[in-house]
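Summary of structural features
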Amino acid sequence: MTTTSGIPAPQPVGNVGLSSERPSPPRLETRDLSVGYGSTPVVHDLNLVLRPGEVVALLGVNGAGKTTTVRALAGELRPLRGEVLFDGRRTTAPLHRRARGGLRYITEERSVFMDLSAADNLRLGGGERERCLELFPELAPLLPRRAGLLSGGEQQMLTLARALAADPRVLLADELSLGLAPLVLERLLLAVRAAADRGGAVLLVEQHVRDALEVADRAYVLSHGRVVLEGEARELRGRIGEIERTYLSSAELATD
Ligand SMILES: Nc1ncnc2c1ncn2[C@@H]1O[C@H](COP(=O)(O)OP(=O)(O)OP(=O)(O)O)[C@@H](O)[C@H]1O
């Protein structure tokens, strides 16, 4: 595509991993990864790729192994078998070292420092405060307030603003939507999409399949710790029934 001045129009970074002939090298990758608790794997033989500029959704019923996968990617759980690669290099580094490489891991539990003000929470994120407020202007009047007094949705916004303002090279977002109003969820997901469009690599763990597939480029569906379906989100949007059936069969197996 060219502009009227004949200069090639900038391509959104978000499509780099998908549309160019040679996809960008993965920023984060697992090869034949098995991971779990003690010596018992709950995720088996996982091959997952996360490239710059893309949002990848990780879907599956409760207990499928999504959080376990994300914790392994974050460096909180060590592989039992197989490996995790960050920027093409095998790593067993803990989270704080991966964070130095630009990885941010956000979960519902680790959301905010409750005793600090919203402003102090943003300061701790290392990103610019103005940037946070650009992302979520609704945080401005809440800045002096103690974070513990904010609503669940406001706390999630704070968490995400803090993570996104630092322009993470990799964002692992586990269950951002838990308990959020639909409109807040939509804002959070759009902010996540925008982070990928600026070149970040985003892994999004989500219970809301349709919402996740709206903003994702690709998705993996886990069932009992194994990938049972994967593909481009635009294709999977037409296969929601099939995805839901994997959820149902997981539930049947779980009650056997
Ligand atoms: N700390 C732990 N110790 C032992 N087993 C665990 C631990 N955490 C999770 N598990 C087990 O590992 C399996 C996968 O759990 P995981 O939390 O990864 O699933 P999930 O897909 O993220 O589920 P949810 O959607 O409910 O968060 C489950 O059977 C769970 O009981």
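Scroll up for the structure.
Below you will find a few notes about this structure. (Residues numbered from 1 in each chain as written. Predicted model: local features only at pLDDT ≥ 70, side-chain atom pairs only at ≥ 80, totals over all residues.)

1. Describing the overall build of the protein chain
Our working definition: Working definition: helices are DSSP H or I runs of at least four residues, strands are E runs of at least two. Numbering for both runs from the N terminus. Burial is judged by counting other C-beta atoms within 10 Å of a residue's own C-beta: 20 or more means buried, 12 or fewer means exposed, and anything between counts as partly exposed, with every C-beta placed from the backbone. A pair of residues counts as a contact when their C-beta atoms, built from backbone coordinates, are separated by no more than 7 Å.
Secondary structure summary: the protein chain contains ten helices and ten strands in total. Here the protein chain, with 256 residues, has 41% of them falling under the buried criterion. Sequence-distant contacts in the protein chain: of pairs separated by 6 or more residues, those separated by 24 or more amount to 68%.

2. So, the site of the ligand
We apply this condition: In this analysis, residues qualify as near a molecule or strand once their C-beta atom, positioned from backbone atoms, comes within 6 Å of it. Three residue categories are used. Nonpolar comprises Ala, Val, Leu, Ile, Met, Phe, Trp, Tyr, Cys and Pro, charged comprises Asp, Glu, Lys and Arg, and polar comprises the others, including Gly.
Surveying the vicinity of the ligand reveals the residues Y37, V42, G60, N62, G63, A64, G65, K66, T67 and T68. With three residues, the single largest contributor to the shell around the ligand is helix 2 (residues 66-74). Residue composition of the shell around the ligand, by class: three nonpolar, six polar and one charged.

3. Examining helix 7 (residues 182-197)
What counts, and what does not: Every helix has an expected span of 1.5 Å times one less than the residues it contains. Here the arc refers to the set of directions running from the helix axis out to each C-beta atom.
An ideal rise of 1.5 Å per residue puts 22 Å on 16 residues; helix 7 measures up with 22 Å between its terminal C-alpha atoms. For helix 7, the full list of buried residues reads V184, L188, L189, V192, A195 and A196. Looking down the long axis of helix 7, one finds its buried residues gathered within 135° of arc, a one-sided arrangement. Among the exposed residues of helix 7, those oriented more than 90 degrees off its buried face are P182 and L183. Buried residues belonging to helix 7 abut strand 3 (55-59), helix 6 (152-165), strand 7 (170-174), strand 8 (201-205) and helix 8 (209-215). Just downstream of helix 7 lies G199, where phi reads positive at about 110°.

4. Quick word on the sheet that holds strand 1 (residues 28-37)
What counts here: Between any two strands, pairing holds if DSSP finds at least two bridges. Whenever a helix is involved, its axis is fitted only over the stretch in contact; in every case the axis is a line through C-alpha atoms, and angles between N-to-C directions fall within 0 to 180 degrees.
Ordered in space as 2-1-4-5, the four strands form an open sheet in which the pairing is antiparallel. Every interior strand has two partners, whereas the edge strands, strand 2 (40-50) and strand 5 (89-91), have only one. The average angle at which neighbouring strand axes cross in this sheet is 40°, direction not considered. Along the sheet, helix 2 contacts strand 1, strand 2 and strand 4 (81-86); its crossing angle with strand 1, the most-contacted strand, is approximately 120°.

5. Let's talk about the nonpolar core
Quick note on the threshold: By convention in this section, buried Ala, Val, Leu, Ile, Met, Phe, Trp, Tyr and Cys residues joined through C-beta atoms within 7 Å make up a nonpolar core.
Formed by 68 residues in total, the largest nonpolar core has its most connected members in A161, V202 and L204. With sequence-adjacent residues up to four places away left out, L204 is seen in contact with V55, V56, A57, L58, A173, V192, A212 and A216.

6. A few points about unusual backbone geometry
Positive phi is not limited to glycine here, since D45 has a value of about 50°. Inspection of the secondary structure assignment puts D45 in strand 2. Its identity as a non-glycine residue notwithstanding, D87 has a phi of 50°, on the positive side.

7. Overview of the packing of helix 6 against helix 7
Under the convention used in this document: Each angle gets one of four labels, with under 35 degrees taken as roughly parallel, over 145 as roughly antiparallel, 65 to 115 as roughly perpendicular, and the rest as oblique.
Interaxial distance between helix 6 and helix 7 falls to 11 Å at its minimum, and their mutual angle equals 5°. Here helix 6 is positioned roughly parallel relative to helix 7, judged by the angle of their axes. Packed against helix 6, whose contacting residues are G153, Q156, L160 and L164, the element helix 7 presents V184, L188, A191 and A195 at the interface. A class-by-class count of the residues in the contact of helix 6 with helix 7 yields six nonpolar, two polar and no charged.

8. Concerning helix 2
At 3.6 residues per turn, the α-helix brings residues three or four places apart onto the same side. Among the nine residues in helix 2, eight count as buried, and that is most of the element. For helix 2, the full list of buried residues reads K66, T67, T68, T69, V70, A72, L73 and A74. Within two residues after helix 2, G75 carries a phi angle of roughly 95°, on the positive side.

The values are spatial; any link to function lies outside them.
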